[in-house]
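Okay, here's what each chain looks like letter by letter:
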Protein chains: 2
Amino acid sequence: MENIIENKIDRKSKNYKPRMAKLKNKSKLKIIPLGGLGEIGKNITAFEFNDEIIVIDCGLAFPGEDLYGIDIIVPDVTYLIRNKDKVKGLFITHGHEDHIGGIPYILQQINMPVYAPKLTLALVESKLEEHHMLNDCKINLVEIGESVKLKNFNIEFIRTNHSIPDSCSIALHTPMGVIVHSGDFKVDFTPIDGHIINLQRYAELGKKGVLLLMADSTNALHKGYTMSEKTVGETLENLFSKATGRVIVSTFASNVHRLQQISDCSIKNKRKIAFSGRSMEKISEIAMDLGYLSIPKDMIISLDEIKNYPNDKITIVTTGSQGESMAALSRIAASTHKYIEIQKGDMVIISASPIPGNEKAVSNLINDLTAKGANVVYKTIEEIHVSGHACEQELRIIQSLLKPKFFIPVHGEYKHLITHAKIAESMGVEENNIFILDTGDIFELSKTKGKVIGKAPSGRVLIDGLGIGDVGNMVLRDRKNLAEDGIITVVVAIDRANKVILSGPDIVSRGFVYVRNSEDLINEVRNIVAKVVEKCLEDNITQWAEIKNRIRREVDSFVYTTMKRKPMILPVIVEI
Amino acid sequence: MENIIENKIDRKSKNYKPRMAKLKNKSKLKIIPLGGLGEIGKNITAFEFNDEIIVIDCGLAFPGEDLYGIDIIVPDVTYLIRNKDKVKGLFITHGHEDHIGGIPYILQQINMPVYAPKLTLALVESKLEEHHMLNDCKINLVEIGESVKLKNFNIEFIRTNHSIPDSCSIALHTPMGVIVHSGDFKVDFTPIDGHIINLQRYAELGKKGVLLLMADSTNALHKGYTMSEKTVGETLENLFSKATGRVIVSTFASNVHRLQQISDCSIKNKRKIAFSGRSMEKISEIAMDLGYLSIPKDMIISLDEIKNYPNDKITIVTTGSQGESMAALSRIAASTHKYIEIQKGDMVIISASPIPGNEKAVSNLINDLTAKGANVVYKTIEEIHVSGHACEQELRIIQSLLKPKFFIPVHGEYKHLITHAKIAESMGVEENNIFILDTGDIFELSKTKGKVIGKAPSGRVLIDGLGIGDVGNMVLRDRKNLAEDGIITVVVAIDRANKVILSGPDIVSRGFVYVRNSEDLINEVRNIVAKVVEKCLEDNITQWAEIKNRIRREVDSFVYTTMKRKPMILPVIVEI
């Protein structure tokens with residue numbers, strides 16, 4: 001019906017627009033970043049063309065210290081749920097948590113097919129298995145270099161380098177033009193697996209014309225180039241050759257190339273290799289099964305076999321490079337690890353940089369290990385880690401090859417995005433064609449123009465235990481209040497008919513003061529509450545809410561004046 | 001009486017020892033670090049010789065995120081209180097919080113005289129005034145270069161360089177020999193006030209013989225030299241010359257030399273200067289009154305006068321360089337500052353490095369300011385800050401001048417101390433004469449030998465509001481529990497005589513779930529509690545503690561199974 005109306009052309013009408021323009025208008029491409037902009041983590045971007053939506057990545061973020069009790073954060077995908085029927089597939093650039101960690105949560109709500117290269121897919125699979133969802137999900141292997149064809153999108157996976165194998169950029173071939181989404185990447189001319197980023201394909205796309213580039217901004221503030229993964233191997237070789245006791249190396253479990261280099265050094269020095277930590281054991285096994293990590297079977301031992309070998313014949317590879325309190329290395333440092341206790345002469349290599357926010361935890365870890373007699377080697381004193389992200393010069397390389405008309409910096413906080421925008425501008429992208437977007441922006445792009453046309457529901461969904469999104473701002477505010485000064489619960493039983501207190505006031509506090517030393521204070525609170533309640537009853541104030549308010553006010557004021565503290569006051573009135 | 005016995009020499013006795021040895025033995029020197037070793041902050045060291053104790057510094061530390069609700073940490077000085085009569089004076093190396101912040105608390109317990117140079121003393125005074133203690137305290141001005149003579153100690157203040165004027169080393173001339181305590185220091189040959197560290201006096205002391213050096217380890221992990229404060233001035237000049245809007249500089253209020261350089265740049269560029277933030281206003285006033293900071297009166301304006309001047313004629317100097325949530329710069333970034341709102345074109349210079357643990361807060365601050373349109377300049381992108389602590393080569397300089405027989409690295413975490421120990425060894429101090437001490441160690445030193453002979457009570461006293469030490473491990477554990485999963489209070493009124501529930505169970509939760517969306521859950525908890533209580537009454541279990549235990553166990557188990565959360569369960573039974 002609508003079609004018929006549109007077919008009638010009335011050029012005299014006030015609303016008349018040439019039909020071509022109208023059609024073009026209808027067919028604009030929308031790009032909606034639902035996470036990862038103005039923040040680090042939970043990367044996810046939706047691309048919409050007419051009745052088709054595809055999604056690139058669906059990651060998680062880790063909570064800051066202000067998010068009391070929260071385990072992880074996943075993106076709000078309300079926009080996708082509302083457009084459920086349009087959503088045709090989820091395409092994954094690589095297997096890091098900030099790109100795949102939200103997948104179980106999104107697939108519970110939208111059962112779309114997932115497409116990714118082998119290692120990435122194996123990690124997604126293992127995650128879905130943990131959530132007992134494997135049988136319900138449609139996962140599809142894509143060879144790197146190949147494409148998935150949908151009605152409006154042709155999704156091409158292009159090899160890049162990063163701190164996990166099988167990392168890809170994605171080139172979206174759309175009716176509007178080609179969009180390149182870099183994923184997380186760096187340019188490594190000597191990668192451990194020999195697979196160099198496919199710069200030729202970038203050049204080819206650039207030559208034909210790229211409409212839009214969306215590129216990783218994580219290291220935009222760093223000048224120069226990111227060093228090759230290979231340089232870490234050289235430092236490791238040097239350290240291993242000097243080690244006389246056990247070598248304990250902590251790194252990200254997903255950094256399979258790092259695991260390969262650690263293993264190679266161990267084999268060269270006739271050291272058996274043991275993996276410690278849940279994700280380290282899991283990912284090393286997957287990587288070996290799939291041929292991404294190559295270690296002779298007889299060189300691998302389990303943790304309970306360590307005791308059978310001399311110290312200089314042992315390498316232990318562990319999780320915990322971020323000082324996470326429950327990870328293997330922290331348990332080793334705290335002497336609570338089942339199999340490993342630090343001995344004088346152990347060399348502990350922390351082959352990672354602290355992620356912002358973890359600096360203090362890592363520093364504490366180094367102190368604890370050092371105090372126990374280990375020789376701890378870390379980033380400040382040796383070049384024992386390289387980043388997986390492109391620095392300024394590498395960002396310039398891909399700008400020069402792709403020469404995009406439009407540019408959107410992605411994956412980064414505001415300071416990273418704005419710096420990356422300036423780099424793009426200096427490489428020739430027109431200032432007006434560069435867009436710094438916010439998570440949730442609906443960005444519309446034609447062949448000639450881009451603009452933000454609205455806002456999709458977006459933000460963070462907090463996961464606490466099994467609860468998804470049931471902890472909101474009010475609960476968090478209460479947790480903060482409870483964390484800082486504890487709680488005073490006041491219970492009083494009232495016979496309203498006879499206007500008397502039947503029992504109490506009982507005062508119970510938690511996280512406020514050590515009660516045994518504060519009996520006077522607690523007694524004083526009890527007296528204050530008794531007076532307030534008696535006065536209310538005398539004055540015929542019979543609304544519980546009002547009595548509670550008065551109790552709260554009086555106790556709060558007394559405690560603050562006496563102690564300069566503001567515990568939560570929780571009055572409970574029991575009416576008999 | 002005892003004296004007489006000692007005068008009788010019985011060389012045949014089993015207990016006989018030559019008298020000289022006995023006297024020497026009696027006169028050993030004790031050194032007791034009561035803070036600042038194996039940690040950053042709350043520096044304090046006691047020196048004891050026979051019936052005399054002197055103390056160097058008494059600082060505070062700031063709590064880590066695990067110390068919920070704690071404002072500051074001061075040292076446990078039980079050892080000094082027990083030896084109150086011996087304690088003769090407190091000598092202060094410089095006016096930073098980690099060296100003077102504990103003074104009001106220690107003087108409340110031991111009213112000893114305080115000795116310090118002018119600026120340091122003024123800052124101590126201002127602190128005592130805030131605590132309404134000024135009239136009761138004996139504070140004494142010492143000129144740098146001069147000494148205070150006590151019976152056994154001659155305490156000499158030697159000028160050094162650091163990020164606050166009037167910083168000193170202290171040379172303790174004792175009957176056992178000379179001990180040099182470096183204080184916090186660096187070697188700056190072009191300091192802003194022209195007062196270079198007195199290396200000649202170090203050389204003179206070294207020539208005569210130094211028994212023990214205790215030196216600042218903060219930057220021991222950093223090779224090379226710390227840059228001169230003057231280099232920051234050059235960067236500032238360059239930035240100011242390019243600024244077209246307001247310049248807002250955030251730095252440590254106590255870094256008076258930095259304030260001077262910021263002011264000089266402002267004056268040169270005809271910018272009026274306004275100070276923002278409580279400590280910035282206070283310290284700049286003290287420094288100007290005493291002549292440490294020199295700014296023409298007409299160049300200073302108050303915050304409410306800013307609006308009367310064009311943007312390019314304004315410099316604002318603020319606190320908050322560490323991203324502290326209540327400090328001026330954070331309030332500016334959050335648009336809650338009374339007088340200052342970020343405008344496009346403002347240049348915000350963060351002239352400081354984040355102290356370990358503050359990295360994330362500073363990063364968030366930079367993002368917020370950038371997003372509001374400010375051009376934010378910080379350490380990663382410009383050399384806008386230098387450290388106040390000596391790097392490896394400077395540590396070598398003072399080792400080479402003082403040539404101490406014994407060495408104790410101080411002021412640092414374990415990793416700093418052990419690295420500093422290795423530096424000292426490589427400079428010629430015998431390995432056996434280097435001691436890495438723990439806070440609380442009682443270290444005994446003779447002319448030829450040092451050893452740890454015991455442990456003094458020591459540790460941290462937590463200050464929360466007006467409460468000193470009333471928040472202990474149990475309260476902190478409760479706060480952590482409350483922070484992570486909140487609390488469920490269960491109130492039930494019982495008529496024990498008739499074995500019936502009179503009222504309730506009432507379920508009140510805070511920080512647990514958003515109650516409005518969780519009615520079913522709360523109802524389920526109510527049912528569980530009712531069943532538990534009814535069963536107890538039926539079974540004649542009349543001990544409240546036992547009923548409470550069962551409530552706790554059942555609710556805990558239900559909530560954990562349903563939600564994988566462990567809120568605190570607080571049962572209250574009201575007996576009518």
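All of these numbers come straight from a predicted model, not from anything done at the bench. (Residues numbered from 1 in each chain as written. Chains lettered and ligands numbered in written order. Predicted model: local features only at pLDDT ≥ 70, side-chain atom pairs only at ≥ 80, totals over all residues. Heavy atoms only, no water.)

**Looking at the relation of the copies chain A and chain B**
Moving on, step 1. For the match of chain A to chain B, the screw axis carries a shift of 0.1 Å, the RMSD comes to 0.2 Å, and the turn is 180 degrees. Taken together, the rotation angle and the small translation identify this as a two-fold axis. By C-alpha distance to the rotation axis, the residue of chain A lying nearest is Ala483(A), at 2.3 Å.
Moving on, step 2. When you check the interface residues of chain A against chain B, 100% turn up at the interface there too, and the contact is symmetric in its surfaces. (Least-squares fit on C-alpha atoms with pLDDT ≥ 70 in both. Contact = heavy atoms within 4.5 Å.)

**Observations regarding the pattern of salt bridges**
If the charged atoms of two oppositely charged side chains come close together, the side chains can form a pair.
All names here are of chain A.
Moving on, step 1. One pass over the structure, following the stated rule, counts 47 salt bridges over all chains.
Moving on, step 2. Here arginine 201 and glutamate 204 are joined by a salt bridge, their closest N and O atoms 3.1 Å apart. In this pair, arginine 201 and glutamate 204 are both assigned in helix H7 (residues 199-208), three residues apart and thus about one turn of the helix distant.
Moving on, step 3. Owing to a relative accessible area of 16%, arginine 201 belongs among the buried residues under this scheme. (Salt bridge = Lys/Arg side-chain N within 4 Å of Asp/Glu carboxyl O. Helix = DSSP H or I, 4+ residues; strand = E, 2+ residues; numbered from the N terminus. Buried < 20%, exposed > 50% of the residue type's maximum accessible area, 1.4 Å probe, protein only.)

**Here's the deal with the packing of aromatic side chains**
Moving on, step 1. Scanning all chains against the criterion turns up nine aromatic pairs over all chains.
Moving on, step 2. Taken together, a centroid distance of 6.4 Å and an interplanar angle of 45 degrees make the contact between Tyr68(A) and Tyr68(B) tilted. Pair noted here: Tyr68(A) is in the loop between strand E3 (52-56) and strand E4 (72-75) and Tyr68(B) is in the loop between strand E3 (52-56) and strand E4 (72-75), and the two residues belong to different chains.
Moving on, step 3. A relative accessible area of 13% means that Tyr68(A) is categorised as buried.
Moving on, step 4. In textbook terms, an aromatic cluster arises when at least three aromatic residues are bridged by ring pairs, as seen for Phe91(A), Tyr115(A) and Phe157(A). (Phe/Tyr/Trp six-rings, centres within 6.5 Å; stacked < 30°, edge-to-face > 60°.)

**What about the side chain of His181(B)?**
Residue and element names in this part refer to chain B.
Moving on, step 1. Along the polypeptide, histidine 181 turns up in strand E11 (residues 177-181).
Moving on, step 2. Looking at histidine 181, its side chain comes within polar contact range of the main-chain nitrogen of glycine 183, at 3.1 Å.
Moving on, step 3. Ignoring any residue separated from it by four or fewer positions in sequence, one finds histidine 181 in contact with Thr45, Phe47, Ile56, Ser169, Ile170, Met214, Val410 and His411. (Polar contact = N/O pair within 3.5 Å; in protein donor to acceptor, adjacent residues only side chain to side chain.)

**Considerations on the pairing of strand E5 (residues 87-91) of chain B**
Residue and element names in this part refer to chain B.
Moving on, step 1. Buried residues dominate E5, accounting for four of its five residues.
Moving on, step 2. Inspection of the sheet shows E3 paired to E5 by four bridges, in the parallel sense. Bridging across to E5, isoleucine 53 finds its partner in valine 87.
Moving on, step 3. Of the strand pairs in this sheet, E5 and strand E6 (residues 114-116) are connected by two bridges, and their pairing is parallel. Its bridge partner being in E6, phenylalanine 91 is matched across the sheet by tyrosine 115. (Pairing = 2+ DSSP bridges.)

**Some details on the packing of helix H16 (residues 519-538) of chain B against helix H17 (residues 544-563) of chain B**
Residues and elements named next belong to chain B.
Moving on, step 1. At a minimum axis separation of 10 Å, H16 and H17 run at an interaxial angle of 150 degrees. Accordingly, the angle class assigned to the pair H16 and H17 is roughly antiparallel. In this structure, H16 meets H17 at a crossing whose hand is right-handed. Taken together, the residues of H17 that come into contact with H16 (itself represented by Leu521, Glu524, Val525, Ile528, Val529, Val532, Val533 and Cys536) are Ile547, Arg550, Ile551, Glu554, Val555, Phe558, Thr562 and Met563.
Moving on, step 2. Considering only residue class, the contact of H16 with H17 consists of twelve nonpolar, one polar and three charged. (Axes fitted to C-alpha atoms, helices over the stretch in contact; angles between N-to-C directions. Parallel < 35°, antiparallel > 145°, perpendicular 65-115°, else oblique. Left-handed = near helix turned anticlockwise from the far one by under 90°. Nonpolar A, V, L, I, M, F, W, Y, C, P; charged D, E, K, R; others polar.)

**Here's the deal with the domain arrangement of chain A**
All names here are of chain A.
Moving on, step 1. For chain A, the assigned domains read domain 1 (24-224 + 388-468), domain 2 (229-377) and domain 3 (473-575).
Moving on, step 2. Its C-alpha centre places domain 1 at a distance of 52 Å from the equivalent point of domain 3.
Moving on, step 3. Facing the six residues of domain 1 at the interface are four residues of domain 3.
Moving on, step 4. Of the roughly 430 Å² buried where domain 1 meets domain 3, counting both sides, 62% is carbon and sulfur surface.
Moving on, step 5. Taken together, the links from domain 1 to domain 3 amount to one salt bridge.
Moving on, step 6. Summed over the shared surface of domain 1 and domain 3, the number is two residue pairs in polar contact (both at pLDDT 80 or more).
Moving on, step 7. Across the side of domain 1 that touches domain 3, the residue classes break down as four nonpolar, one polar and one charged. (Domains from an automatic or database assignment. Buried area = accessible area lost by both parts, 1.4 Å probe.)

**Some points on the environment of Pro571(A)**
Residues and elements named next belong to chain A.
Moving on, step 1. Here proline 571 shows up in strand E25 (residues 568-575).
Moving on, step 2. Residue classification places proline 571 among the buried positions, given a relative accessible area of 5%.
Moving on, step 3. Placed 215 residues apart in sequence, proline 571 and proline 356 show a C-alpha to C-alpha distance of 41 Å.
Moving on, step 4. Proline 571 has contacts with Val490, Lys548, Ile551 and Arg552, leaving out every residue within four places of it along the chain.

**Thoughts on the pairing of strand E12 (residues 212-216) of chain A**
Residues and elements named next belong to chain A.
Moving on, step 1. Buried residues dominate E12, accounting for five of its five residues.
Moving on, step 2. Note: strand E11 (residues 177-181) against E12, three bridges, orientation parallel. The partner of histidine 181 across the bridge, within E12, is methionine 214.
Moving on, step 3. Of the crossover connections in this fold, the one passing from E11 over H7 to the parallel E12 is right-handed.
Moving on, step 4. Bridge count for E12 against strand E18 (residues 406-410) is five bridges, and the pairing is parallel. By the bridge assignment for E18, aspartate 216 is matched with valine 410. (Right-handed = clockwise from strand over helix to strand, strands pointing away.)

**Looking at the UniProt feature "binding site: Zn(2+)" (unreviewed entry) in chain A**
Residues and elements named next belong to chain A.
Moving on, step 1. Per the UniProt entry, the sites bearing "binding site: Zn(2+)" (unreviewed entry) are His94, His96, Asp98, His99, His162, Asp184 and His411 in this numbering. Spanning 318 residues, the named residues nonetheless gather at one spot, since no C-alpha pair among them exceeds 14.1 Å.
Moving on, step 2. Tracing the sequence through the fold places histidine 99 in helix H4 (residues 97-100).
Moving on, step 3. With near-sequence residues (within four places) excluded, histidine 99 lies in contact with Asn43, Asp57, Cys58, Gly59, Ile92, Thr93, His94, Asp184 and His411.
Moving on, step 4. Inspection of the secondary structure puts histidine 411 in the loop between E18 and helix H14 (414-426).
Moving on, step 5. Among the residues examined, histidine 411 registers a relative accessible area of 7% and is labelled buried. (UniProt positions renumbered as here; feature names shortened; annotations may be inferred.)

**Overview of the UniProt feature "binding site: Ca(2+)" (unreviewed entry) in chain A**
Moving on, step 1. Look at the UniProt record and you will see "binding site: Ca(2+)" (unreviewed entry) annotated at Gly69(A), Asp71(A) and Asp464(A). These annotated residues cover 396 residues of sequence, but their C-alpha atoms sit close together, with the largest distance between any two at 6.6 Å.
Moving on, step 2. Tracing the backbone shows Gly69(A) in the loop between E3 and E4.
Moving on, step 3. Non-local contacts of Gly69(A), meaning those with residues more than four positions away in its chain, are made with Asp464(A), Arg479(A), Ala483(B) and Glu484(B).
Moving on, step 4. Relative to the helices and strands, Asp464(A) is located in strand E21 (residues 460-464).

**A closer look at a negative patch on the surface**
Moving on, step 1. Negative charge collects at one region of the surface, where Glu65(A), Asp66(A), Glu65(B) and Asp66(B) lie side by side.
Moving on, step 2. Along the chain, Asp66(B) falls in the loop between E3 and E4. (Patch = residues over 30% accessible without salt bridge, like charges linked within 9 Å, V, L, I, M, F, W, Y side chains within 5 Å. Areas by Shrake-Rupley, 256 points an atom, 1.4 Å probe, with all protein chains shown as cover. Lys, Arg positive; Asp, Glu negative; His and termini not counted. Charge placed at Lys NZ, Arg CZ, Asp CG, Glu CD.)

**So, the sheet that holds strand E21 (residues 460-464) of chain B**
Hydrogen bonds along the backbone pair up the strands of a sheet, which may run parallel or antiparallel.
Moving on, step 1. Strand order across the open sheet formed by three strands is E4-E21-E22 (chain B), with antiparallel pairing between neighbours. Each end of this open sheet is capped by a strand with a single partner; those strands are E4 and strand E22 (467-468) of chain B.

**Here's the deal with the interface of chain A and chain B**
Where interface size is quoted, it is often the accessible area lost as the parts come together.
Moving on, step 1. In this assembly, 58 residues from chain A lie in contact with 58 residues from chain B.
Moving on, step 2. Between chain A and chain B lies a buried interface of about 5,000 Å² when both sides are counted; carbon and sulfur atoms form 61% of it.
Moving on, step 3. Of all residues in chain A, Lys415(A), Arg510(A) and Arg565(A) give up the largest surface area on contact with chain B, accounting jointly for 10% of the area buried on that side.
Moving on, step 4. On the surface where chain A and chain B come into contact, there are four salt bridges.
Moving on, step 5. With a closest N to O distance of 3.3 Å, Arg565(B) and Asp464(A) form a salt bridge.
Moving on, step 6. Mapped onto the side of chain A that touches chain B, the elements with two or more residues apiece are helix H12 (359-371), H14, helix H15 (473-485), strand E23 (487-495), strand E24 (500-510), helix H17 (544-563) and E25 of chain A.
Moving on, step 7. Examining the composition of the side of chain A that touches chain B, we find that eight residues originate from one element, H15(A), more than from any other.
Moving on, step 8. A per-class count over the side of chain A that touches chain B returns 29 nonpolar, 13 polar and 16 charged.

**Describing helix H12 (residues 359-371) of chain B**
Moving on, step 1. Its 13 residues place the ends of H12(B) 18 Å apart at the C-alpha level, agreeing with the 18 Å of an ideal helix rising 1.5 Å per residue.
Moving on, step 2. All of the buried residues along H12(B) are Glu359(B), Val362(B), Ser363(B), Leu365(B), Ile366(B), Asn367(B), Leu369(B) and Thr370(B).
Moving on, step 3. At its buried positions, H12(B) is contacted by H12 and H14 of chain A together with helix H11 (328-333), strand E16 (347-350) and strand E17 (375-377) of chain B.
Moving on, step 4. Looking one or two places after H12(B), you find Gly373(B), whose phi comes out positive at around 105 degrees. (Expected span 1.5 Å × (residues − 1).)

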